[in-house]
Amino acid sequence: MVRAANDALRRLPVWAVWLAGTIPFALLVWDTVTNNLGVDPVQQIEHRLGQTALYFLVAGLAVTPLMRLTGLSLMRFRRAIGVICFAYALAHVLAWVVMDMALLWGQMGRDIVKRPYLLFGMLGFAILTILAVTSTNLSIRRMGGQAWRRLHKLVYPAAVLVAMHWLWATKVNEVQPILWASAIAILLALRVVVRRPLAYTRPARA
Amino acid sequence: MKLNWSDVTPYRMFLDRRKFIAASAAMLAAPGLLRAQGLNARPSPLSTDEAPNSFEDITNYNNFYEFGTGKTDPARNAGALTTDLWSVEVTGLVDRPGSYGVDDLAPANALEERIYRLRCVEAWSMVVPWIGVPLAGVLNKVGVQPSAKYVEFETLVRPEEMPGQRRAILDWPYREGLRLDEAMHPLTILATGLYDQPMPNQNGAPIRLVVPWKYGFKSIKSIVRIHLREDQPVNTWKQMQANEYGFYANVNPTVDHPRWSQATERVIGAGLFGGRKETQMFNGYGDQVASLYAGMDLSVNY
């Protein structure tokens, strides 16, 4: 079963993931031009972009535990998932800079320094930027596999920062950010608890 | 193409048409039918001449956590609220305590239209054409005793109709308070409608407070109790997070909320690139209310 699924996944081209990654953006553009974002479209755009980035971040974090627990490998798609995450994070930051804060650089600067949720978000974004910039084959070759892998473990602190960014931005304890923060915590904990692929995930040789 | 509020038939003209039809019907049927069609509130010199947000904006972008924490949750969930047979308990240091109906507190012939700026603590703003009566008149009617220094307000608790109350996100009931001189200020009103019609549920039906120089959370909705007291009451958001929300909650661009700046605000309805506008001290009502706070340190009493 797992082998059949993995065979099918091997035949799936990576560009299919890139294509799928554009769907949330296309839907958002569609909702914007059809005036379907409600009374405060700026907030909707900003929040949906940020949330989509988080969903892809969680998807990227899920690849390893999924493989260890079930034997299903999405490893080929992980870099694409990560870069799509960054693209949404970038759009989220741009929406904040241009539409929400209207390029008031002074106020933005003061806010980032002063307010933990913005600081967390910005630090998370800075890490994602480093990871996106070094996501090319050339970077892997230049840095060497081991150093590259070590650098890209920075996605763990980024995930924690992003989860705190959402949690601290709300005025009361809301369900959604708590659920997603828990998902991130579980996915990080699974890496520690399940250190190598479980035995049953390796099909016995014929 | 994005239509602006100015492209729409003005609500009053639209209502005139409805009023005409209703009036024709009323000639034949009971005269009482006419009432709900238009509140016929008097214009007030205390109104701003800024253009109000659309009815759509005002009724689909609400903070009313009793119906959920999302801005559209109240519009979606408030339909279940029943507001007929509403009564407001007036208690504490008053000469005539008791249970008052909405019409007792805000009789139809006393209604005024007050077009006010509304500035939310979350740094967005709107302009709303409220219909209501000055709170001072209501307090005079029930007779405030000399020992009373503060007014406390309480929102309805009815989890079966208010789904947000099924979780303890805030310590229900929602409570707010004003110093007596703030409550007696001519700008402070109890509102029972907006845009010439009865208050939509999601905006705090059937009767709510509006204090335009304070952040929106002071303007408590769906009031069931007004209590006159000697000591400063607890208000829900301050109780929740005292370093973020104070008792006074006057709009003040120089005193930031700990998690965001209050220097500027985003105007709801301004579009995708509407930018931000500088927040005014006391939300622009400083000429009328600044004297209430003479000698007070507003960065302490925030």
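Model, not experiment: these values are computed from the prediction.

**So, the overall build of chain B**
Then comes step 1: Scanning chain B for helices and strands turns up 8 helices and 13 strands.
Then comes step 2: Across the 302 residues in chain B, those meeting the buried criterion constitute 55%.
Then comes step 3: Carbon and sulfur atoms provide 56% of the accessible area of chain B, an area that totals close to 12900 Å².

**As for the interface of chain A and chain B**
Then comes step 1: Counting residues at the interface gives 27 residues for chain A and 33 residues for chain B.
Then comes step 2: With both sides pooled, the region where chain A packs onto chain B buries about 2400 Å², and carbon together with sulfur makes up 55% of that total.
Then comes step 3: At the surface where chain A touches chain B, the tally comes to 6 salt bridges.
Then comes step 4: In this structure, D256 of chain B engages R115 of chain A in a salt bridge whose closest nitrogen and oxygen atoms are separated by 3.1 Å.
Then comes step 5: Between chain A and chain B we count 14 residue pairs in polar contact (both at pLDDT 80 or more) in total.
Then comes step 6: Considering each element in turn, the side of chain A that touches chain B owes the most residues, 4 residues, to helix α3 (residues 41–70) of chain A.
Then comes step 7: Looking at side-chain class alone, the side of chain A that touches chain B contains 14 nonpolar, 6 polar and 7 charged residues.

**What to know about the sheet that holds strand β11 (residues 223–229) of chain B**
Residue and element names in this part refer to chain B.
Then comes step 1: Strand order across the open sheet formed by 5 strands is β3-β2-β11-β6-β7, with mixed pairing between neighbours. Looking at which strands have only one partner, the edges of the open sheet turn out to be β3 (98–101) and β7 (175–179). Geometrically, the sheet is characterised by an average inter-axis angle of 20 degrees between neighbouring strands, direction not taken into account.
Then comes step 2: With 4 bridges joining them, strand β2 (residues 87–92) and β11 adopt parallel strand pairing. The residue of β11 that forms the bridge with E89 is R225.
Then comes step 3: Contacting β2, β3, β6 (150–155), β7 and β11, helix α5 (residues 135–142) crosses the sheet at an angle of about 100 degrees to β6.

**Notes on the nonpolar core**
Then comes step 1: Residues W130, L135, F153, L190, L209, W213 and I223 of chain B are the most contacted members of the largest nonpolar core, which totals 133 residues.
Then comes step 2: For this core, the element with the highest residue contribution is helix α4 (residues 78–100) of chain A, accounting for 13 residues.

**Examining the pairing of β7 of chain B**
Residue and element names in this part refer to chain B.
Then comes step 1: Of all 5 residues in β7, 5 are buried; the element is thus mostly enclosed.
Then comes step 2: A two-sided burial pattern is seen for β7, the buried positions comprising R175, G177 and R179 on one face and E176 and L178 on the other.
Then comes step 3: Across 5 bridges, β6 lies against β7 in antiparallel orientation. Across the sheet, the residue bridging to E154 is R175, located in β7.

**Description of the packing of α4 of chain A against helix α6 (residues 116–133) of chain A**
All names here are of chain A.
Then comes step 1: The N-to-C vectors of α4 and α6 enclose an angle of 140 degrees; their axes lie 10 Å apart at closest approach. The orientation of α4 relative to α6 falls into the category oblique. As for the relative orientation of α4 and α6, their crossing is left-handed in sense. Residues C85, F86, A89, L90, V93 and W96 of α4 pack against L118, M122, F125, L128, T129 and A132 of α6.

**Some remarks on the pattern of salt bridges**
Should their charged atoms come close, side chains of opposite charge can pair.
Residue and element names in this part refer to chain B.
Then comes step 1: For the coordinates displayed, the defined rule picks out 25 salt bridges over all chains.
Then comes step 2: Here E112 and R114 are joined by a salt bridge, their closest N and O atoms 3.0 Å apart.
Then comes step 3: In this structure E112 comes out as buried when scored by relative accessible area, which is 15%.
Then comes step 4: For the salt bridge of E152 with R229, the shortest nitrogen-to-oxygen distance reads 2.8 Å. You can see E152 sitting in strand β6 and its partner R229 sitting in strand β11, a full 77 residues away along the chain.
Then comes step 5: Residue classification places E152 among the buried positions, given a relative accessible area of 7%.
Then comes step 6: Several salt bridges converge on common partners, so that one network encompasses E50, R117, R119, E265 and K277.

**Focus on the UniProt feature "domain: Ferric oxidoreductase" (unreviewed entry) in chain A**
Then comes step 1: Per the UniProt record, "domain: Ferric oxidoreductase" (unreviewed entry) is annotated on residues 50–162 of chain A.
Then comes step 2: Along residues 50–162 of chain A the backbone is 84% helical and 0% strand, and the end-to-end C-alpha distance reaches 9 Å.

**Things to note about the UniProt feature "domain: Oxidoreductase molybdopterin-binding" (unreviewed entry) in chain B**
Then comes step 1: UniProt records the feature "domain: Oxidoreductase molybdopterin-binding" (unreviewed entry) at residues 83–237 of chain B, using the numbering of this structure.
Then comes step 2: Spanning residues 83–237 of chain B, this segment combines 12% helix with 37% strand, and its end C-alpha atoms are found 25 Å apart.

**Overview of α4 of chain A**
Then comes step 1: When the terminal C-alpha atoms of α4 of chain A are compared, their 31 Å separation across 23 residues agrees well with the 33 Å that a helix rising 1.5 Å per residue should span.
Then comes step 2: Directly after α4 of chain A, the chain includes A102 of chain A, whose backbone phi takes a positive value near 50 degrees.

**Quick word on the pairing of strand β12 (residues 264–267) of chain B**
All names here are of chain B.
Then comes step 1: Note that strand β5 (residues 124–134) and β12 share 2 bridges and pair parallel. The residue of β12 that forms the bridge with S125 is V267.
Then comes step 2: As paired elements, β12 and strand β13 (residues 276–278) share 3 bridges and run antiparallel to each other. From the neighbouring strand, T264 faces β13, where its bridge partner is E278.

**Observations concerning a nonpolar patch on the surface**
Then comes step 1: A grouping of L90, L94, V98, L103 and W105 of chain A together with F273 of chain B is seen on the molecular surface, where their side chains present a nonpolar patch of about 620 Å² in accessible area.
Then comes step 2: It is α4 of chain A that contributes the most residues to the nonpolar patch, 3 residues altogether.
Then comes step 3: Its location among the elements puts L90 of chain A in helix α4.

**Re the packing of α3 of chain A against α4 of chain A**
Residues and elements named next belong to chain A.
Then comes step 1: Across the interface, α3 lies against α4 with an axial gap of 8 Å and an inter-helix angle of 160 degrees. With respect to α4, the axis of α3 lies roughly antiparallel. Here α3 and α4 pass one another in a crossing that is left-handed.
Then comes step 2: Of the residues that constitute the contact of α3 with α4, the class distribution is 17 nonpolar, 5 polar and 3 charged.

About the cut-offs
- Residues numbered from 1 in each chain as written.
- Chains lettered and ligands numbered in written order.
- Predicted model: local features only at pLDDT ≥ 70, side-chain atom pairs only at ≥ 80, totals over all residues.
- Heavy atoms only, no water.
- Helix = DSSP H or I, 4+ residues; strand = E, 2+ residues; numbered from the N terminus.
- Buried < 20%, exposed > 50% of the residue type's maximum accessible area, 1.4 Å probe, protein only.
- Areas by Shrake-Rupley, 256 points an atom, 1.4 Å probe, with all protein chains shown as cover.
- Contact = heavy atoms within 4.5 Å.
- Buried area = accessible area lost by both parts, 1.4 Å probe.
- Salt bridge = Lys/Arg side-chain N within 4 Å of Asp/Glu carboxyl O.
- Polar contact = N/O pair within 3.5 Å; in protein donor to acceptor, adjacent residues only side chain to side chain.
- Nonpolar A, V, L, I, M, F, W, Y, C, P; charged D, E, K, R; others polar.
- Pairing = 2+ DSSP bridges.
- Axes fitted to C-alpha atoms, helices over the stretch in contact; angles between N-to-C directions.
- Core = buried A, V, L, I, M, F, W, Y, C linked by side-chain atoms within 4.5 Å.
- Parallel < 35°, antiparallel > 145°, perpendicular 65-115°, else oblique.
- Left-handed = near helix turned anticlockwise from the far one by under 90°.
- UniProt positions renumbered as here; feature names shortened; annotations may be inferred.
- Expected span 1.5 Å × (residues − 1).
- Patch = residues over 30% accessible without salt bridge, like charges linked within 9 Å, V, L, I, M, F, W, Y side chains within 5 Å.

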